[in-house]
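A look at the structure
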Amino acid sequence: MFPGAIADREVADYVIVGAPLDISTSFQPGTRFGPNRIRRFAESFDDYDRRTDQFFTDLRVHDAGDIRAWDDAPEYSEWLAGSVRDAVWDDAVPLILGGEHTVTAAGVTGVEPDVFVCLDAHLDLRREYDGNEWSHATITRRVLDKLDVDEAIILGARTGSPEEWERAESDDVTVVEPEAVADWNPDFDDESVYLSADIDAADPAFAPGTGTKEPFGLTSREMRDVVRAVAPYTDGFDVVEVNDRDDGQAASLAAKLLREFVFSHAATDD
Amino acid sequence: MAKEQKQVRELQEGSYVMMEEKPCKIYAYSTAKPGKHGSAKARVEARGVFDDKKRSLSQPVDAKVWVPIIERKQGQVVSVTGEDAQIMDLETYQTFTMLIPDDEDLNPEDEIEYLEYEGQRKIV
């Protein structure tokens, strides 16, 4: 269980779902260990958040455990989306622990947002990678082209193929380069927002435990500030691409981002 | 009782199932693989036939569920009053009043089909 996620499912305002998918990871694998590693490295955090004057255990977070993954991404995504939808129908905010970035498709399918905000080192705008349309490197493209999301905002992106950069020039994509993320502010009205945090948006110095490290990235504080700023508008959240190949830096950052999300979201509701 | 027992694995999109004691029509059905431990599971999403409420269930595929036996019948419009229509069943000639669906425009003598389950009726 995620430390402090002590609420029963029936009364939960937030539902954590672990999605340990690890099939298309193209370089260093291990995201199958991500959800439990994030839970483990959340153990040392204080229950109390001074900034918002809230206790995590008061915020009705439920941990539904992991949805065991198998090696069929479309089928798994459909199944996972069902669990996400159950949370949405109960007026709870789903929080997915990845797992490779592919699991975001299920989060977006379940939440049906208007806008997709993504912290990511990579554009993930490929139509396919190694011939696989369900690769983790295609998720933002899938969200835009297949899942009826109006707009994608990619924060911290610093690499992609020529085709991806070309797709990124379309009106429905905004890319905020790492140097500009600190000055970026969300500008949403009534749109429903989904926030996806790929841990590789952070510089590998902050989060080395991820599959495709990309230097010149965001600091953990810049990641935090984006999560704090977007959380009030957000109906679904995930943190993905954490693996077990470091000393817990990536997992503890992921766990902290999830908690920052919950604190910020809950503080807005009050 | 107008219902029968089936296994979750026998359900499919378009068929009916009881959820929260209400007859529901299934519009999504997905399955999870079992792994080394546990059994294959199915998740069913359905909408209440008479209350239109969305519901879901996740169960092992060999779990038993109730399936309502919903009758599809023919009727004829006798008269229309505001949102209601008086309908005559074409088999029994019994008459009763039913709510007209939002997207229907009914006139006297129109022939319609309706669903019936334990005294509840709905024009389709």
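Residues numbered from 1 in each chain as written. Chains lettered and ligands numbered in written order. Predicted model: local features only at pLDDT ≥ 70, side-chain atom pairs only at ≥ 80, totals over all residues. Heavy atoms only, no water.

Some details on the side chain of His136 of chain A
In plain terms, the rule: Per the convention used, a helix needs a DSSP run of H or I reaching at least four residues, while a strand needs a run of E reaching at least two, with both numbered from the N terminus. Residue exposure (1.4 Å probe, protein chains only): buried if accessible area is under 20% of the type maximum, exposed if over 50%, otherwise partly exposed.
Its place among the elements puts His136 of chain A in the loop between β6 (115-119) and α4 (139-145). A relative accessible area of 7% means that His136 of chain A is categorised as buried.

Describing the UniProt feature "modified residue: Hypusine" (unreviewed entry) in chain B
All names here are of chain B. Applicable threshold: UniProt positions are given in the numbering used here, feature names are shortened, and annotations may be inferred rather than shown by experiment.
Within the UniProt annotation, "modified residue: Hypusine" (unreviewed entry) is assigned to Lys36. Residue position: Lys36 is located in the loop between β3 (22-32) and β4 (41-48). What makes Lys36 exposed here is its relative accessible area of 80%.

Some details on the UniProt feature "binding site: Mn(2+) 1" (unreviewed entry) in chain A
Residues and elements named next belong to chain A. Our working rule: Between two residues, a contact is recorded if the distance between any of their heavy atoms is within 4.5 Å.
When the UniProt feature table is mapped onto this chain numbering, "binding site: Mn(2+) 1" (unreviewed entry) sits at His101, Asp120, His122, Asp198 and Asp200. Maximum C-alpha separation among the annotated residues is 10.9 Å over a sequence range of 100 residues, consistent with a single clustered spot. Within the secondary structure layout, His122 lies in the loop between β6 and α4. Setting aside residues up to four positions removed in sequence, His122 forms contacts with Ile154, Ala157, Thr159, Asp200, Thr212 and Glu214. Tracing the sequence through the fold places Asp200 in the loop between β9 (193-198) and α7 (220-230). By relative accessible area, Asp200 is classed as buried at 2%. Filtering out sequence-adjacent residues up to four positions away, Asp200 remains in contact with Asp120, Ala121, His122, Arg158, Thr210 and Thr212.

A short note on the UniProt feature "binding site: Mn(2+) 2" (unreviewed entry) in chain A
Residues and elements named next belong to chain A. Put simply, the rule reads: Pairs of N or O atoms within 3.5 Å make up the polar contacts considered here, provided that, within protein, one atom can donate a hydrogen while the other can accept it, and that residues adjacent in sequence are counted only when both atoms are side-chain atoms.
Mapped onto this numbering, the UniProt entry annotates "binding site: Mn(2+) 2" (unreviewed entry) at Asp124. Its location among the elements puts Asp124 in the loop between β6 and α4. Its relative accessible area of 5% is what places Asp124 among the buried residues. Residue contacts for Asp124: discarding those within four places in its chain leaves His101, His136, Ala137, Thr138, Ile139, Thr140, Arg141, Glu164 and Asp198. Within the structure, Asp124 has its side chain in polar contact with the side chain of His101 (distance 3.2 Å).

Section: the UniProt feature "domain: Translation initiation factor 5A C-terminal" (unreviewed entry) in chain B
Under the local residue numbering, the UniProt record ascribes the feature "domain: Translation initiation factor 5A C-terminal" (unreviewed entry) to residues 69-123 of chain B. Spanning residues 69-123 of chain B, this segment combines 0% helix with 60% strand, and its end C-alpha atoms are found 17 Å apart.

Digging into the sheet that holds β6 of chain A
Residues and elements named next belong to chain A. Quick reminder of the rule: A pair of strands is treated as paired once DSSP finds two or more bridges between them. Axis lines are fitted to C-alpha atoms, over the contacting stretch for helices. Their N-to-C directions set the angle, which ranges from 0 to 180 degrees.
The strand order across the open sheet built from eight strands is β4-β1-β5-β10-β9-β6-β7-β8, with neighbouring strands paired in parallel fashion. Pairing within the sheet leaves two strands with one partner each, and these edge strands are β4 (61-66) and β8 (173-176). Averaged over neighbouring strand pairs, the angle between their axes works out to 15 degrees when direction is ignored. Pairing of strand β5 (residues 93-98) with strand β10 (residues 234-240) involves three bridges; the strand directions are parallel. Pairing of Ile96 across the sheet is with Asp238, part of β10. Across the sheet, helix α3 (residues 104-111) lies against β5, β6, β9 and β10, angled at about 170 degrees from β9, the strand it touches most.

As for the domain arrangement of chain B
Residue and element names in this part refer to chain B. Heads up, the condition is: A domain assignment, automatic or from a database, supplies the domain bounds used here. By convention, the term buried area covers the 1.4 Å-probe accessible surface removed from two parts as they join, with the contributions of both added. A side-chain nitrogen of Lys or Arg and a carboxyl oxygen of Asp or Glu constitute a salt bridge if their distance falls within 4 Å. Charged residues are taken to be Asp, Glu, Lys and Arg, nonpolar residues to be Ala, Val, Leu, Ile, Met, Phe, Trp, Tyr, Cys and Pro, and polar residues to be all remaining types, Gly included.
What the domain assignment reports for chain B is domain 1 (3-68) and domain 2 (71-123). At the junction of the two partners, domain 1 supplies seven residues and domain 2 supplies five residues. Buried area between domain 1 and domain 2, summed over both chains or domains, comes out near 550 Å², and the portion from carbon and sulfur atoms is 68%. A per-residue breakdown of the area domain 1 buries against domain 2 is headed by Tyr16, Val49 and Phe50, which together make up 70% of the total. For the pair domain 1 and domain 2, the number of links is zero salt bridges. Linking domain 1 with domain 2 are one residue pair in polar contact (both at pLDDT 80 or more). Each residue belonging to the side of domain 1 that touches domain 2 can be placed in one class, and the counts come to six nonpolar, no polar and one charged.

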